[in-house]
Amino acid sequence: MQRFVTRSIETSLAVVHLGAVEREDGRAALVAMHFKRKRMEKLEKRLAEKHNVKRVRYEPMSLRPVLDAAALQLDEFLAGERREFALPMWPVGTAFQQQVWTALCAIPFGTTISYRELAERVENPKGSQAVGQANGANPLAVIVPCHRVIASDGTMAGYAGGEDVQRRLIDLEAGTH
């Protein structure tokens, strides 16, 4: 049985909910970084149903380094001291979602693209809506930089953490925070 634990942290941006899993092979991995607790609950249910993962109420020693590193690296990112994350991750999703999340990681720091452009990057040029749904299902907000995707007209649209958080992240990366 794989174990799952959550930790909520307060950052300069918002309260962030982290989730980590201790896999059957003993490796620990970050599976979630969300701004909304409800999203963590949905992930917990999916992990239990599809991956035999059980939530534990205590924080196993094996998961503390991953959660501590995630919290530290997020703080460094928000302070402008980090541009990329170096964490063991296990983003759970469909093959298409995984493809979209990989493409998100290729968007350079400080750059934004449209949903249409992201759809083209995953070779699905008419799939802006499907790409938007995969973007919205991203379990690792900020780390997998879904905040860098905006509407074609340049407006903030559909960011799971909210428009204000998305604007603050984009401004942070642009150096205007």
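Residues numbered from 1 in each chain as written. Predicted model: local features only at pLDDT ≥ 70, side-chain atom pairs only at ≥ 80, totals over all residues. Heavy atoms only, no water.

Visitor: Please provide a residue-by-residue account of the pattern of salt bridges, values included.
Guide: If you walk through the whole model with that rule in mind, you get eight salt bridges. Salt-bridge contacts for D68 lead to R7; the nearest nitrogen and oxygen are separated by 2.8 Å. Placement of the pair is D68 in helix α2 (residues 64–78) and R7 in strand β1 (residues 2–10), with a sequence separation of 61 residues. (Salt bridge = Lys/Arg side-chain N within 4 Å of Asp/Glu carboxyl O. Helix = DSSP H or I, 4+ residues; strand = E, 2+ residues; numbered from the N terminus.)

Visitor: Any details on the state of the cysteines? Residues and values, ideally.
Guide: All told, the structure shown has zero disulfides when counted by the stated rule. In this model C105 remains outside any disulfide bridge; the closest cysteine sulfur is found in C146, 9.8 Å from its own. Residue class for C105 comes out partly exposed when judged on its relative accessible area of 46%. (Disulfide = S-S within 2.5 Å. Buried < 20%, exposed > 50% of the residue type's maximum accessible area, 1.4 Å probe, protein only.)

Visitor: Please set out the packing of aromatic side chains residue by residue, giving values where relevant.
Guide: Scanning the entire structure with this criterion turns up three aromatic pairs. Geometrically, the ring pair formed by F35 and Y159 is tilted, given 6.3 Å between the ring centres and 55° between the ring planes. Taken together, the residues span a long stretch of sequence, with F35 in the loop between β3 (28–34) and α1 (37–51) and Y159 in the loop between β6 (149–150) and α6 (163–174) at a distance of 124 residues. F35 sits in the buried class, given a relative accessible area of 14%. Residue class for Y159 comes out buried when judged on its relative accessible area of 10%. Residues F77 and F109 carry aromatic rings whose centres are separated by 6.0 Å and whose planes lie at 80° to one another, so their mutual orientation is edge-to-face. Residue F77 is located in helix α2, and its partner F109 is located in the loop between α3 (95–105) and β5 (113–114); the two are separated by 32 residues in the primary sequence. Judged by its relative accessible area of 22%, F109 is partly exposed. (Phe/Tyr/Trp six-rings, centres within 6.5 Å; stacked < 30°, edge-to-face > 60°.)

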